[in-house]
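Tertiary structure, described
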Amino acid sequence: MAATITGVGVGLGLSCSSKLTKRFSSSTGSSRCSVKMSVSVEEQKKNFTLKNSEEAFNVAKELMPGGVNSPVRAFKSVGGQPIVFDSVKGSHMWDIDGNEYIDYVGSWGPAIIGHADDQVLAALGETMKKGTSFGAPCLLENVLAEMVISAVPSIEMVRFVNSGTEACMGVLRLARAFTGRERIIKFEGCYHGHADPFLVKAGSGVATLGLPDSPGVPKGATYETLTAPFNDVSALENLFENNKGEIAAIILEPVVGNSGFIAPKPDFLNAIRRITKENGALLIFDEVMTGFRLAYGGAQEYFGVTPDLTTLGKIIGGGLPVGAYGGRRDIMEMVAPAGPMYQAGTLSGNPLAMTAGIHTLKRLKEPGTYEYLNKITGELTQGIIDAGKKAGHAICGGYISGMFGFFFTEGPVYNFEDAKKSDTTKFARFYRGMLEEGVYFAPSQFEAGFTSLAHSSDDIQHTITAAEKVLRQI
Ligand SMILES: Cc1ncc(COP(=O)(O)O)c(C=O)c1O
């Protein structure tokens, strides 16, 4: 017998099988989908409740593993249960209880011009009239490809895929195909998506959940993955010394965002460039997070170091699912069908995703964009650190353009081991306090934060004032 789920967030008239009806009959009594969106942040603080979110999450837990579709969303490291959202606009988000938040997650990076930008939405509307997927070439692919190639110094040709994970999987196969070697070096605490070869000392959710590795990854898949601490040139030199002629590539986040925010030491990136050249290995910048965020041409433009290959994601899809890898023409011409290295995708180059990407990049290219991001992010980061110190906490942090982070430790933080010295219990208390003040950070000490062009001075000031209050209380 079919039934309609009428619980929180699912009052859409959906039918489900009796299997589900039985399980949820006690927890899905009422429909609470309509949310009042006009409540001021001050008013909400007085009435802060996550009752609807709790109910929705209780339903979700029975439907999806851990109640989420990506692990870091689950709030495991900060306690409580995730907030279920209803809508986003600009720098703000609204949950299904009607609470409003200033958002520093930005959908984990894509929302750099602000959520649900009017121009992006209008362009998507126009594209949608022509259809949502062709499974065949479209002109929009040329437009975005030209924009990416002219922006990112290392990219002479590009292949679009559907996620950062796919981009990193593709680029790894390509680096191995081109060099005829199998070993790769990655850095501890860097995250390159969830493909098997990268799940060794990985950051992001893997770090957040304290998992050293993942069951299900065959030993053979990670056998050729070597790791070194970030910012450690001599460790790298030793790896090359001990694996002469066998290393295909080094892959790294040029600024780490998946262990919290960790910047490279001066000259670290230059040293890696030199070492890879000397050893006939390729240098891959995973710019899924930093691409179009640190500068229009990404970390490689910002630091003036050009890798052989680059991965992109997040921003280039403007909030729709996109990834990309690209680089030197002689390497990229190995990719099928130009060459023998096979990689494919049903939805790759999807017209909607290309549209959102094109209009996001257009906005980013306007003068003053990165100066503005740098200014507000600097004020925010410094404000939080000052507030922390004033309240007597060990705290350090950093930022570049629209990317930032702070740790509850004296610092300095140069690598994942340093990051792990952070007081994560204190971070969790800080996190919960900030939620009640209407500020939404990533629910983990080991994730960078993101600002956007939609963040106003008022947003930043509100956040600092909230941080001062919460840091005095914890
Ligand atoms: C640097 C980096 N590479 C790869 C990925 C994987 O991207 P996706 O989650 O789109 O698969 C991420 C995701 O956060 C990332 O930050």
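Definitions and cut-offs
Residues numbered from 1 in each chain as written. Predicted model: local features only at pLDDT ≥ 70, side-chain atom pairs only at ≥ 80, totals over all residues. Heavy atoms only, no water. UniProt positions renumbered as here; feature names shortened; annotations may be inferred. Salt bridge = Lys/Arg side-chain N within 4 Å of Asp/Glu carboxyl O. Buried < 20%, exposed > 50% of the residue type's maximum accessible area, 1.4 Å probe, protein only. Helix = DSSP H or I, 4+ residues; strand = E, 2+ residues; numbered from the N terminus. Polar contact = N/O pair within 3.5 Å; in protein donor to acceptor, adjacent residues only side chain to side chain. Contact = heavy atoms within 4.5 Å. Core = buried A, V, L, I, M, F, W, Y, C linked by side-chain atoms within 4.5 Å. Domains from an automatic or database assignment. Axes fitted to C-alpha atoms, helices over the stretch in contact; angles between N-to-C directions. Parallel < 35°, antiparallel > 145°, perpendicular 65-115°, else oblique. Nonpolar A, V, L, I, M, F, W, Y, C, P; charged D, E, K, R; others polar. Pairing = 2+ DSSP bridges. Near = heavy atom within 4 Å. Areas by Shrake-Rupley, 256 points an atom, 1.4 Å probe, with all protein chains shown as cover. Expected span 1.5 Å × (residues − 1). pLDDT = per-residue confidence, 0-100.

As annotated in an unreviewed UniProt entry, the chain carries the name glutamate-1-semialdehyde 2,1-aminomutase and comes from Citrus clementina. Its UniProt record gives the chain a comment under Catalytic activity (unreviewed entry), which states: "(S)-4-amino-5-oxopentanoate = 5-aminolevulinate". Under the heading Sequence similarities (unreviewed entry), UniProt records this for the chain: "Belongs to the class-III pyridoxal-phosphate-dependent aminotransferase family. HemL subfamily."

Quick look at the pattern of salt bridges now. The full count for this structure, using the stated rule, is 18 salt bridges. Of the charged contacts, one joins Glu241 and Lys244 as a salt bridge, the two residues approaching to 2.8 Å between their closest N and O atoms. Assessed through its relative accessible area of 56%, Lys244 is described here as exposed. Salt bridges sharing common partners tie together Arg273, Asp308, Arg328 and Asp330.

Turning our attention to the side chain of His92. Along the polypeptide, His92 turns up in strand β4 (residues 92-95). There is a polar contact of 2.6 Å between the side chain of His92 and the side chain of Glu100. A distance of 2.9 Å separates polar atoms of two side chains, one belonging to His92 and the other to Asp459. Setting aside residues no more than four positions away along its own chain, His92 makes contact with Glu100, Tyr101, Ile102, His115 and Asp459.

A few words now on the nonpolar core. Looking at soluble globular proteins, one finds that nonpolar side chains tend to be buried together. One finds Tyr104, Phe406, Phe430, Tyr431, Met434, Tyr440 and Phe441 to be the most contacted residues of the largest nonpolar core, which totals 34 residues. When contributions to this core are tallied by element, the ones reaching two or more residues are β5 (100-103), α14 (369-390), β14 (403-407), α16 (424-436), β15 (439-440) and α17 (457-473). Taken together, domain 1 (3-85) and domain 3 (369-473) each give at least three residues to this core, which thus spans both. Setting aside anything within four residues of it in sequence, one finds Met434 in contact with Val439, Phe441, Thr463, Ala466, Ala467 and Val470. The next biggest cluster of nonpolar side chains, apart from the first, holds 30 residues, and it includes Val148, Val152, Val158 and Leu364.

How two helices sit against one another is set out by the angle between their axes and by the gap between those axes. Remark: helix α9 (residues 233-242) packs on helix α10 (residues 268-278), axes separated minimally by 10 Å, with the N-to-C direction vectors making an angle of 10°. It follows that α9 is roughly parallel to α10 by the angle criterion. In contact with Val233, Leu236, Glu237 and Phe240 of α9, α10 contributes Phe268, Ala271, Ile272, Arg274, Ile275 and Thr276. Considered class by class, the residues forming the contact of α9 with α10 number seven nonpolar, one polar and two charged.

A few words now on the sheet that holds strand β12 (residues 323-327). Here seven strands make up an open sheet; going across it, the order is β6-β12-β11-β10-β9-β7-β8 and the pairing mixed. In the strand order of this sheet, the two ends are held by β6 (157-161) and β8 (225-228), each with one partner. Within this sheet the neighbouring strands show an average axis-to-axis angle of 20°, counted without direction. Helix α5 (residues 139-151) contacts β6 and β11 (309-313) of the sheet and is inclined by roughly 125° relative to β6.

This part takes up the site of the ligand. Taken together, Ser163, Gly164, Thr165, Tyr191, His192, Gly193, Glu253, Asn258, Asp286, Val288, Met289 and Lys314 are the residues near the ligand. At 3.3 Å, a backbone N or O of Tyr191 approaches a nitrogen atom of the ligand. Within the side chain of Lys314, one N or O atom sits 2.9 Å away from an oxygen atom of the ligand. If the ligand stood free it would expose 380 Å²; the protein chains cover 82% of that surface. For the shell around the ligand, the class distribution of residues is three nonpolar, six polar and three charged.

What follows deals with α16. Working note: α-helix, 3.6 residues per turn, so residues spaced by three or four point in the same direction. Its 13 residues place the ends of α16 19 Å apart at the C-alpha level, agreeing with the 18 Å of an ideal helix rising 1.5 Å per residue. What α16 keeps buried is the set Lys426, Phe427, Ala428, Phe430, Tyr431, Gly433, Met434 and Leu435. The inward-facing, buried residues of α16 contact β5, β14, β15 and α17. The opening residue of α16 is Asp423, an N-cap whose side-chain oxygen sits 3.2 Å from the backbone nitrogen of Thr425. Following α16 by one or two positions, Gly438 has its phi on the positive side, about 85°.

So, on to the confidence of the model for the chain. Of the residues in the chain, 89% have a pLDDT of 70 or more, and the chain-wide mean is 91. Overall, residues 21-37 carries pLDDT values under 50, and its contacts beyond four positions in sequence, including any with other chains, amount to 34 contacts.

This paragraph deals with the pairing of β12. For a regular strand, side chains alternate in direction, first toward one face of the sheet and then toward the other. Along β12, five of the five residues are buried, which leaves the element largely enclosed by surrounding structure. Here β12 shows a buried face lined by Gly323, Tyr325 and Gly327 and a second buried face lined by Ala324 and Gly326. Sheet topology note: the β6/β12 ladder contains five bridges and is antiparallel. Bridged to Phe160 within β12 is Ala324. One ladder, built from five bridges, connects β11 with β12; its direction is antiparallel. Residue pairing for β12: Thr311 is matched across the bridge by Tyr325.

A separate point is the sheet that holds β15. With mixed pairing, four strands are arranged side by side in an open sheet as β3-β4-β5-β15. Strands with a single pairing partner mark the edges of an open sheet, and in this sheet they are β3 (85-89) and β15. Relative to β15, β5 runs parallel, the two sharing two bridges. The residue of β15 that forms the bridge with Ile102 is Val439.

Moving on, we come to unusual backbone geometry. Pro337 follows Ala336 through a cis peptide bond whose omega is 10°. Position of Pro337 relative to the elements: it lies in the loop between α12 (329-332) and α13 (351-364). With an omega of 0°, the peptide bond running from Gly411 to Pro412 counts as cis. In this fold, Pro412 is placed in the loop between β14 and α15 (416-419). Unusually for a residue other than glycine, Ala116 sits at a positive phi of about 50°. Checked against the element boundaries, Ala116 lands in the loop between β5 and α4 (118-129). The class of Ala116 is partly exposed, set by a relative accessible area of 27%. Even without being glycine, Asp267 reaches a positive phi, approximately 80°.

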